[in-house]
Amino acid sequence: MLTELYNPYSEQFGAKFKSSSFKTLNKKSRHLLSSFYDKYEDVANVDKTHDIANKIDKVKETMQENIVQALQNTEHIESLASRADVMHEQAEMFKRKSKVLHKKMKTKNMKTTIILGLVAAGVIVGVSVPFIMKEVNRRKNAQ
């Protein structure tokens, strides 16, 4: 940086610098020095390590965000797995209860069918017995 400033300064003011008195070149060299000041005011413009450090910081920030996202995804997956386990247990319980209910309903249906069969048989017997008795009596009387 100093050699970059020294060469143009010595070319313009080299001979005058040796023979000048204190503060006599201030106004004359102000333009040259202000251009160097403007150039080096922002370190990022000239310093490559600063630029690389900024890029590294951005990559670190991105990686930290990715790690946070991965941790959140892991928590979400664990939550889903927990809910899936609960749902599996509930499904198993539903399956057991439905089998028990199916057996109860099958038994109840069988009892209802037997009762209806007996009632139907009773009605048939109740209706046909008087006719049969009447016919038996008529045949007895006819003989």
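Bear in mind that the values here come from a model prediction, so they are computed numbers and not experimental data.

Novice: Could you give an account of the overall build of the chain, naming the residues involved and the relevant values?
Specialist: The helix and strand inventory of the chain stands at four helices and zero strands. Listed N to C, the secondary structure of the chain is α-α-α-α in terms of helices and strands. Taking all 143 residues of the chain together, the buried fraction comes to 4%.

Novice: Describe the pattern of salt bridges, and please don't skip the residues or the numbers.
Specialist: If the charged atoms of two oppositely charged side chains come close together, the side chains can form a pair. What the rule picks out here adds up to three salt bridges. Note that Glu135 is salt-bridged to Arg138, the shortest N-O span being 2.5 Å. Highlighted residues: Glu135 and Arg138, both in helix H4 (residues 48–142), separated by three residues, approximately one helical turn. By relative accessible area, Glu135 is classed as partly exposed at 27%. A salt bridge links Arg139 to Glu135; the shortest N-O distance between them is 3.3 Å. With Arg139 and Glu135 both in helix H4 and four residues apart, this pair spans about one turn of that helix. Residue classification places Arg139 among the exposed residues on the basis of a relative accessible area of 55%.

Novice: Lay out a nonpolar patch on the surface in plain terms, naming residues and giving numbers.
Specialist: Together, Ile115, Val119, Val123, Val127 and Phe131 line one region of the surface with nonpolar side chains, adding up to about 490 Å² of accessible area. Among the structural elements, Val119 can be located in helix H4. Assessed through its relative accessible area of 48%, Val119 is described here as partly exposed.

Novice: Describe H4, naming the residues involved and giving the relevant values.
Specialist: Taking 1.5 Å of rise per residue, 95 residues should cover 141 Å, and H4 covers 135 Å from first to last C-alpha, within 8% of that figure. At Ser128, H4 shows its largest bend, some 25 degrees, and a proline, Pro130, comes one to four positions later.

Novice: With reference to specific residues and values, describe the confidence of the model for the chain.
Specialist: Averaged over all residues, the pLDDT of the chain equals 83, while 70% of them reach at least 70. For the chain, per-element mean pLDDT is lowest for helix H1 (residues 2–19), which scores 60, and highest for H4, which scores 94.

Definitions and cut-offs
- Residues numbered from 1 in each chain as written.
- Predicted model: local features only at pLDDT ≥ 70, side-chain atom pairs only at ≥ 80, totals over all residues.
- Heavy atoms only, no water.
- Helix = DSSP H or I, 4+ residues; strand = E, 2+ residues; numbered from the N terminus.
- Buried < 20%, exposed > 50% of the residue type's maximum accessible area, 1.4 Å probe, protein only.
- Salt bridge = Lys/Arg side-chain N within 4 Å of Asp/Glu carboxyl O.
- Patch = residues over 30% accessible without salt bridge, like charges linked within 9 Å, V, L, I, M, F, W, Y side chains within 5 Å.
- Areas by Shrake-Rupley, 256 points an atom, 1.4 Å probe, with all protein chains shown as cover.
- Expected span 1.5 Å × (residues − 1).
- Bend = angle between axes of the 7 residues up to and from the residue.
- pLDDT = per-residue confidence, 0-100.

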